[in-house]
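Secondary and tertiary structure notes
Spelled out, the chains give:
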Number of protein chains: 2
Amino acid sequence: MQKVDDKIRVIRVPKRGLYDKESIYNILDKEFMCTIAFIHKGIPVIIPTLYGRHENDIYLHGSTASRMMKSLKEGIDISLNVTIVNGLVLARSAFHHSANYESVVLFGKAVLVEDKEEKINALKHVSDHIIKGRWEEARQPNDKELKATMLLKIPIDEASAKVRTGGPSDDKADYELDIWAGVIPFKRSIEAPIPDEVLREGIEVPNSVKNYS
Amino acid sequence: MQKVDDKIRVIRVPKRGLYDKESIYNILDKEFMCTIAFIHKGIPVIIPTLYGRHENDIYLHGSTASRMMKSLKEGIDISLNVTIVNGLVLARSAFHHSANYESVVLFGKAVLVEDKEEKINALKHVSDHIIKGRWEEARQPNDKELKATMLLKIPIDEASAKVRTGGPSDDKADYELDIWAGVIPFKRSIEAPIPDEVLREGIEVPNSVKNYS
């Protein structure tokens, strides 16, 4: 359990706040797209990017030409969010409408991964997080590609999760109304893989894709 | 078309950048969850929240007790992002792996909606954006609820979209490799609505839910 200070405390609807590492890792592991906020020329900038979690770190990779990566590697303050929407919650009153979601907000500073071996491991962590087993199937990065890629790691030390589940919660008197209430659940599903148009004949769908869920 | 200055220009992979209102509205209308970045006590803070678009404005609603809403209503600089992930792009090389996505980044300042009539309209815009037709079915907000709710609007004047579609793009030599390449497409689907456990008997699933897609 982390120290829960004002920075990470869930202020709105505090009962939805979770601060244990297991809950936080669990949400981070369900997604691979996050948004990152940083200050650039005095204004907040928000950018979506892929990530991987390995142990207690978030790994980001990007081009060495990326404005975000160049800014982040200086060790400036950043805030990172992952949000998964699981449903719409329809209450009897317009006021009590809500959404079911799981989200993590993380504060911290990025550290540049410089050592070549560590960089390759970090890339593998990102790849494994997004699609397990693909790293071993793909052509490995060469020196030129490694040089063009920046790897950053952010420790998961100042983070909180916020989760809403379940049905609507209405004011007592509203339960008498003739208004439907309930949840529309969402699901992100995977459709059949689409082979590259110029894929050479005889190459089968690999295990990473077959096992992807 | 907006003026494309350095603030909104897509820097990484410029050909993926779109600046026309139609493309931006189109992406904003597919989602209802955004992330917002603002500066609080000198550090960037990122918070996910529901939104609605109506004409050239984004509307946000929240509790008057919300730290984010209280900060935003002061007219500070904010950055807003909407990202939709449509697939994983598996290239032959680890280096060229990517994702298909549609995203919008918006810069601006929020304006407080104070007039009661305007506030109700703004709430309806958010509701209509998230689930068309629900506003008319639900019990309308009373004065106490309206007082507890803050409405903000942000003009869509400094925004850019970034979109990646299609299959992988590999280095020429890699097309000879015996490695599968293609796309795993994602789809967000709706599951059967779950009625509230204490829903009164005889209340049918309403049109807003039947027509929801």
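Residues numbered from 1 in each chain as written. Chains lettered and ligands numbered in written order. Predicted model: local features only at pLDDT ≥ 70, side-chain atom pairs only at ≥ 80, totals over all residues.

Comments concerning the overall build of chain A
From N to C terminus, chain A includes 6 helices and 12 strands. Principal axes of the C-alpha set define a box for chain A whose edges measure 70 × 50 × 35 Å. When each of the 213 residues of chain A is scored for burial, the buried share is 39%. Of the contacts made within chain A by residues no fewer than 6 positions apart, 73% connect residues no fewer than 24 positions apart. (Helix = DSSP H or I, 4+ residues; strand = E, 2+ residues; numbered from the N terminus. Buried ≥ 20, exposed ≤ 12 C-beta atoms within 10 Å, placed from the backbone. Contact = placed C-beta atoms within 7 Å.)

A short note on the sheet that holds strand β5 (residues 57–63) of chain B
All names here are of chain B. The strand order β4-β5-β9-β8 describes an open sheet built from 4 strands, whose pairing is antiparallel. Edge strands, defined here as strands with exactly one partner in the open sheet, are β4 (52–54) and β8 (111–112). Sheet topology note: the β8/strand β9 (residues 149–155) ladder contains 2 bridges and is antiparallel. Within β9, the residue paired with Val111 across the bridge is Lys153. Together, β4, β5 and β9 form the strand contacts of helix α3 (residues 116–130), whose direction differs from that of β4 by roughly 110°. (Pairing = 2+ DSSP bridges. Axes fitted to C-alpha atoms, helices over the stretch in contact; angles between N-to-C directions.)

Focus: the nonpolar core
Core analysis: the biggest nonpolar cluster contains 102 residues, and Val104 and Leu152 of chain A together with Val104 and Leu152 of chain B have the highest contact counts within it. Once residues lying within four places of it in the same chain are set aside, the contact partners of Val104 of chain A are Ile24, Ile27, Leu28, Asn81, Val82, Ala159 and Ala161 of chain A. (Core = buried A, V, L, I, M, F, W, Y, C linked by C-beta atoms within 7 Å.)

Digging into the relation of the copies chain B and chain A
Rotating chain B by 180° about the axis while translating it 0.0 Å along that axis superimposes it on chain A, leaving an RMSD of 0.0 Å. The two molecules are tied by a two-fold rotation axis, judged by turn and shift. Across chain B, the rotation axis passes nearest the C-alpha of Arg188 of chain B, at a separation of 2.2 Å. Of the residues that chain B buries at the interface, 100% are likewise interface residues in chain A, meaning the two copies contact each other through the same surface. (Least-squares fit on C-alpha atoms with pLDDT ≥ 70 in both.)

Examining the environment of Ala181 of chain A
Secondary-structure assignment places Ala181 of chain A in the loop between β10 (158–164) and β11 (182–190). Its 27 C-beta neighbours within 10 Å are what place Ala181 of chain A among the buried residues. It is 4.9 Å that separates the C-alpha atoms of Ala181 of chain A and Ala91 of chain A, two residues lying 90 residues apart in sequence. Beyond its immediate sequence surroundings of up to four residues, Ala181 of chain A is in contact with Leu90, Ala91, Arg92, Pro168 and Asp170 of chain A together with Asp196 and Leu199 of chain B.

Focus on the interface of chain B and chain A
Each side of the interface is counted separately: chain B has 79 residues, and chain A has 79 residues. Counting only elements with at least two residues in the side of chain B that touches chain A, the list comes to β2 (33–40), β3 (43–50), β6 (77–90), β7 (98–109), α3, α4 (134–137), β11 (182–190) and β12 (194–195) of chain B. The pairing of β11 of chain A with β11 of chain B spans 5 bridges and is antiparallel. By the bridge assignment for β11 of chain B, Lys187 of chain A is matched with Ser189 of chain B.

Some thoughts on the pairing of strand β10 (residues 158–164) of chain B
All names here are of chain B. As judged from the 2 bridges shared by strand β1 (residues 17–18) and β10, these two strands associate in the antiparallel manner. Its bridge partner being in β10, Leu18 is matched across the sheet by Ala161. The sheet contact formed by β7 and β10 spans 7 bridges and is antiparallel. Counterpart to Tyr101 in the pairing with β10 is Arg164.

Quick word on helix α1 (residues 21–28) of chain A
All names here are of chain A. Turning to α1, its buried residues number three or more, namely Ile24, Ile27 and Leu28. Looking down the long axis of α1, one finds its buried residues gathered within 100° of arc, a one-sided arrangement. Considering only its buried residues, α1 is in contact with β4 (52–54), β6 (77–90), β7 (98–109) and β10. (Arc of directions from axis to C-beta.)

As for the sheet that holds strand β8 (residues 111–112) of chain A
Residues and elements named next belong to chain A. Pairing within the open sheet is antiparallel, and its 4 strands lie in the order β4-β5-β9-β8. The sheet is open, and its two edges are formed by β4 and β8, each paired on a single side. Of the strands in this sheet, β4, β5 (57–63) and β9 (149–155) touch helix α3 (residues 116–130), which is tilted by about 110° from β4.

A few points about unusual backbone geometry
Even without being a glycine, Lys41 of chain A presents a positive backbone phi close to 50°. Tracing the backbone shows Lys41 of chain A in the loop between β2 (33–40) and β3 (43–50).

So, the confidence of the model for chain A
Within chain A, residue pLDDT values average 96, and 100% of them lie at 70 or more. Note on the complex model: pTM 0.96, ipTM 0.95. (pLDDT = per-residue confidence, 0-100.)

Structural notes on the pairing of β5 of chain B
Residues in a regular strand project their side chains so that they alternate between the two faces of the sheet. Residues and elements named next belong to chain B. For β5, the tally of buried residues reaches 5 of 7 residues, placing the bulk of the element in the interior. Bridge count for β4 against β5 is 3 bridges, and the pairing is antiparallel. Its bridge partner being in β5, His54 is matched across the sheet by Asp57. Linking two consecutive strands that pair antiparallel, namely β4 and β5, is a turn of 2 residues; a positive phi of about 50° is found at Glu55 within it. Of the pairings in the sheet, the one linking β5 to β9 comprises 7 bridges and is antiparallel in character. Bridged to Asp57 within β9 is Pro155.

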